[in-house]
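Here is what each chain is made of, one letter per residue.
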Amino acid sequence: MDRRIFLGAAGGAAALAAPAIAQTQNPEIRWRMPSSFPRNLDVLYGSCEKLSQRVAQLTDGKFRITPFPAGEIVPALQVLDSVQQGSVECGHTPALFYYGKETALAFFTCVPFGMNRRQMAAWMRYGDGQKLADEMFANFNCIFMNFGDTGTQMGGWFRREMKSLEDVKGLKFRISGLGGLLFERLGAVPTQIAPGDIYPALERGVIDAAEFIGPYDDEKLGLNRIARFYYAPGFWEPCSMGGFIANKQAWATLPAQYRAAIEVALAEIDTDQNARFDAWNPPALRRLIAGGAQLRAWPREILQAAWRESHGLYEDLSAKNPNFKKVWENYRAFRNEQYQWFRVAENPYETFAFAEAARS
């Protein structure tokens, strides 16, 4: 027999045999993944689509996760409930949306004057962050993994300037997580509104101000058309880590290869999502300012009061909730050490180089 024909036949047999073996070992599985974000937010919701595509690619199409935008099959603020109950297998949602169920969950998105994106990644991967997340989410019959990050967010859109603490009092402010509890202590009237509902609430005057993410996404929501004063930074969101949650029973039944595929896809998204925001926020900010947005920095009086009240809030919540105390004490120790390190190398470089670049 011609050697080339023999090798071709052998190769063909192997090619036919491999899928048959793979099919036996790895079944076809379909999951649904509701998101807390609308489809037009092409970075946040787009990361759901990237996860779906990458997982399918890594499993030869046998494991498919179908994403759904907020409200299509699950309301934006009820994703955790649906995954916990097993109505859907997994979801994409910030943990802080559910601080009303367990205040400690906020640490796995962001907290006022907390860690930035890099510091959070270090805590989750090489500190106790993931271990504590596993413990907290087990109470909700879920597993949790980080699902991208926005980086430090902006401070939101306001109809009037925030010149002093007096301007904060009585302010009807859309804000999420512990940031809302902080602003309540400062005298504001916070409310948590799903991302897709922010614009109409601001337009109708239900709220006076709203924070969301940063220039790229804020421009998409059109918040600048209603409130022109744009504040920075979002000191209650020095990062904003997204969350992938899965029902514990559904996760346990996945083949190991499929769980690994999700982990690989999430690791890629963790870098990609932040890179997209860093690339697209600067030109979006220029467009917003050209369109009439007035960029403002928070007055020092408000920042100092917010720092004091944030830490007072943490002490009060720790006294009421042992889970919160456990996570806060671990988080605070890691944060403070990170702050000291960043003061040595990162902060002096940025303070000098960023200012010089602006002058030149």
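Here the structure is shown first, and the text comes after it.
So, here is what we can say about the structure in this document.

Definitions and limits used
- Residues numbered from 1 in each chain as written.
- Predicted model: local features only at pLDDT ≥ 70, side-chain atom pairs only at ≥ 80, totals over all residues.
- Heavy atoms only, no water.
- Helix = DSSP H or I, 4+ residues; strand = E, 2+ residues; numbered from the N terminus.
- Rg over C-alpha atoms; globule rule 2.2 N^0.38 Å.
- Buried < 20%, exposed > 50% of the residue type's maximum accessible area, 1.4 Å probe, protein only.
- Arc of directions from axis to C-beta.
- Contact = heavy atoms within 4.5 Å.
- Polar contact = N/O pair within 3.5 Å; in protein donor to acceptor, adjacent residues only side chain to side chain.
- Pairing = 2+ DSSP bridges.
- Disulfide = S-S within 2.5 Å.

## Let's talk about the overall build of the protein chain
In terms of regular secondary structure, the protein chain is built from 14 helices and 11 strands. Since a compact globule built from 360 residues should have a radius of gyration of about 21 Å, the 23 Å found for the protein chain is in line with a globular shape. Judged by the C-alpha coordinates and their principal axes, the protein chain covers about 90 × 50 × 45 Å. Put simply, the protein chain has 360 residues, and 51% of those count as buried.

## Description of helix 5 (residues 129–138)
All of the buried residues in helix 5 are G129, L132, A133, M136 and F137. Down the axis of helix 5, the sector holding all buried residues measures 125°, keeping them to one side. Turning to helix 5, the residues buried within the fold contact helix 3 (79–85), helix 4 (117–126), strand 4 (142–149), strand 10 (241–247) and helix 13 (322–344).

## Focus: helix 4
Where helix 4 is concerned, the buried positions are R117, Q119, M120, A121, W123 and M124. On its buried side, helix 4 packs onto helix 5, strand 4, strand 10, helix 11 (256–290) and helix 13. Between the side-chain oxygen at the start of helix 4 and the backbone nitrogen of R118 there is a gap of 3.2 Å, and the oxygen is on N116.

## As for the sheet that holds strand 9 (residues 229–232)
The mixed open sheet is built from 6 strands, whose spatial order is 7-6-8-5-9-11. Whereas interior strands pair on both sides, the edge strands pair on one side only; in this sheet they are strand 7 (189–191) and strand 11 (294–297).

## Let's talk about the state of the cysteines
On inspection of all chains with the given rule, the structure shows 0 disulfides. Between C48, a cysteine without a disulfide, and C90, which holds the nearest cysteine sulfur, the sulfur-to-sulfur distance is 8.9 Å. Look at C48 and you get buried, because its relative accessible area is 0%. Given a relative accessible area of 0%, C90 falls into the buried group.

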